[in-house]
Amino acid sequence: MKIYEKAPAKINLLLDVMRKREDGFHEVEMIMTMVDLADRLEMEELQSDSIFISSQAGYIPLDEKNLAFQAARLIKDRYNVRKGVYIHLDKNIPVAAGLAGGSSDAAATLRGLNRLWQLGISEDELCTLGAELGSDVPFCVTGGTAIARGRGEKLERIPNPPQCWVILAKPPINVSTADVYGKLRASELKKHPSTKDMVEAIANGSFMDVCSHLGNVLETVTLQLYPEVLQMKEIMQRLGADGVLMSGSGPTVFGLVSKEAKVSRIYNGLRGFCKEVYVVRMLT
């Protein structure tokens with residue numbers, strides 16, 4: 001039997017950091033939603049007690065460094081599963097891009113193996129497992145749109161934002177999330193985005209209000225370290241995207257666009273500066 005799971009990318013409509021915690025993590029408040037750019041995973045049971053991963057992408061690790069591998073090992077150990085699994089990972093989300101590609105692969109692996117091995121694990125339990133793998137994994141387990149607090153594992157579901165086009169542009173650099181958080185001085189942040197205003201904008205279905213309340217405090221670090229990300233933001237704004245923000249710790253920048261007529265102009269303009277450009281929709 002084969003199980004198939006989709007692992008969509010996420011974007012942060014809002015990312016705020018309150019403080020650095022005693023455990024070394026940061027206390028965050030984020031609003032995340034899914035977009036229709038996805039990895040696809042195919043899982044098949046093996047009789048041998050092993051985990052094998054393959055992928056068409058030559059640039060990702062296929063061993064313990066891979067979050068899908070870690071998710072498979074965690075579920076096997078925790079639920080005493082003595083069978084193995086072969087996972088084929090069809091990779092479409094760029095890596096180290098601020099789009100939670102690895103976290104979404106881990107979440108899809110947890111969901112898929114729960115079905116493959118008929119373990120009957122509740123969604124809440126899967127989220128708890130996911131939190132052991134990474135801060136974005138619980139959100140990727142549930143999908144939809146949510147406010148994430150704590151270090152990202154405390155989720156509050158909210159309605160989906162108004163449907164629109166999302167243009168993603170990833171400059172040809174990789175950004176280390178740990179480095180960005182390491183250089184952030186949360187106590188010195190002058191300006192914080194308003195979760196309350198963004199939640200209200202989403203509840204009212206106001207696309208322009210969603211655009212005007214976008215905010216990500218990690219831009220204060222990433223845009224200084226990587227001028228290419230700032231350049232990408234400025235180009236996207238100049239080309240007419242309605243709302244522009246860096247996702248996660250970067251380097252991917254996304255533009256929200258309400259009118260289809262603008263989309264190809266922005267896409268073609270960005271392609272002059274950047275090879276990895278994607279036009280997708282919100283997953284609602």
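Identification of the protein chain as 4-diphosphocytidyl-2-C-methyl-D-erythritol kinase from Paenibacillus rhizovicinus is taken from an unreviewed UniProt entry. Of the protein chain, the UniProt comment under Pathway (unreviewed entry) reads exactly: "Isoprenoid biosynthesis; isopentenyl diphosphate biosynthesis via DXP pathway; isopentenyl diphosphate from 1-deoxy-D-xylulose 5-phosphate: step 3/6." Per UniProt, the comment on the protein chain under Sequence similarities (unreviewed entry) is "Belongs to the GHMP kinase family. IspE subfamily."

A few words now on the overall build of the protein chain. Along the backbone of the protein chain there are ten helices and eleven strands. Against the compact-globule benchmark of 19 Å for 284 residues, the protein chain has a radius of gyration of 19 Å, which places it among compact chains. In terms of overall dimensions, the protein chain has a C-alpha envelope of 55 × 40 × 35 Å along the principal axes. Evaluated residue by residue, the protein chain yields a buried proportion of 56% over its 284 residues. Surface exposure of the protein chain reaches about 12,500 Å², of which carbon and sulfur atoms provide 49%. Across the protein chain, the 34 positively charged side chains and the 35 negatively charged ones have centroids separated by 3 Å.

What follows is about the UniProt feature "binding site: ATP" (unreviewed entry) in the protein chain. In the UniProt entry, the feature "binding site: ATP" (unreviewed entry) is given for P94, V95, A96, A97, G98, L99, A100, G101, G102, S103 and S104. Here, the largest pocket is lined by P94, V95, A96, A97, G98, L99, A100, G101, G102 and S103 out of the annotated residues. Within the secondary structure layout, P94 lies in the loop between β4 (84-90) and α2 (101-116). With near-sequence residues (within four places) excluded, P94 lies in contact with L37, L99, K170, E276 and Y278. Of note, G98 is situated in the loop between β4 and α2. Residues within four places of G98 in sequence aside, it is in contact with K10, N12, S247, G248 and G250.

Moving on to helix α10 (residues 260-271). Since the α-helix packs 3.6 residues into each turn, any two residues three or four apart lie on the same face. With twelve residues, α10 should cover 16 Å at 1.5 Å per step; its first-to-last C-alpha distance of 17 Å lies within 8% of that length. Among all positions in α10, only V263, I266 and L270 are buried. Mapping the buried residues of α10 onto a view down its axis gives an arc of 80 degrees, with all of them on the same face. Opposite its buried face, α10 presents the exposed residues A261 and N268, each directed more than 90 degrees away.

The final tally for this structure, using the stated rule, is 17 salt bridges. Put simply, D36 and K6 hold a salt bridge, and the shortest N to O gap is 3.4 Å. Here D36, found in strand β2 (residues 26-46), pairs with K6, found in strand β1 (residues 2-20); they are 30 residues apart in sequence, far enough to count as distant. By relative accessible area, which is 39% here, D36 ends up partly exposed. The salt bridge involving E27 is made with R19; its shortest N-O contact spans 3.8 Å. Of the residues examined, E27 reaches a relative accessible area of 18% and is grouped as buried.

Domains assigned within the protein chain are domain 1 (2-157) and domain 2 (165-281). The distance between the C-alpha centroids of domain 1 and domain 2 comes to 23 Å. In this assembly, 25 residues from domain 1 lie in contact with 34 residues from domain 2. Between domain 1 and domain 2, roughly 2,300 Å² of surface is buried when both sides are summed, and carbon and sulfur atoms account for 66% of that area. Together, L13, L14 and L15 form the three largest contributors to the area buried by domain 1 at its contact with domain 2, with a combined 24%.

Conventions and cut-offs
Residues numbered from 1 in each chain as written. Predicted model: local features only at pLDDT ≥ 70, side-chain atom pairs only at ≥ 80, totals over all residues. Heavy atoms only, no water. UniProt positions renumbered as here; feature names shortened; annotations may be inferred. Helix = DSSP H or I, 4+ residues; strand = E, 2+ residues; numbered from the N terminus. Rg over C-alpha atoms; globule rule 2.2 N^0.38 Å. Buried < 20%, exposed > 50% of the residue type's maximum accessible area, 1.4 Å probe, protein only. Areas by Shrake-Rupley, 256 points an atom, 1.4 Å probe, with all protein chains shown as cover. Lys, Arg positive; Asp, Glu negative; His and termini not counted. Charge placed at Lys NZ, Arg CZ, Asp CG, Glu CD. 1 Å grid on protein atoms, 1.4 Å probe; cavity = no way out; pocket = protein on both sides within 12 Å on 5 of 7 lines; lining within 4 Å. Contact = heavy atoms within 4.5 Å. Expected span 1.5 Å × (residues − 1). Arc of directions from axis to C-beta. Salt bridge = Lys/Arg side-chain N within 4 Å of Asp/Glu carboxyl O. Domains from an automatic or database assignment. Buried area = accessible area lost by both parts, 1.4 Å probe.

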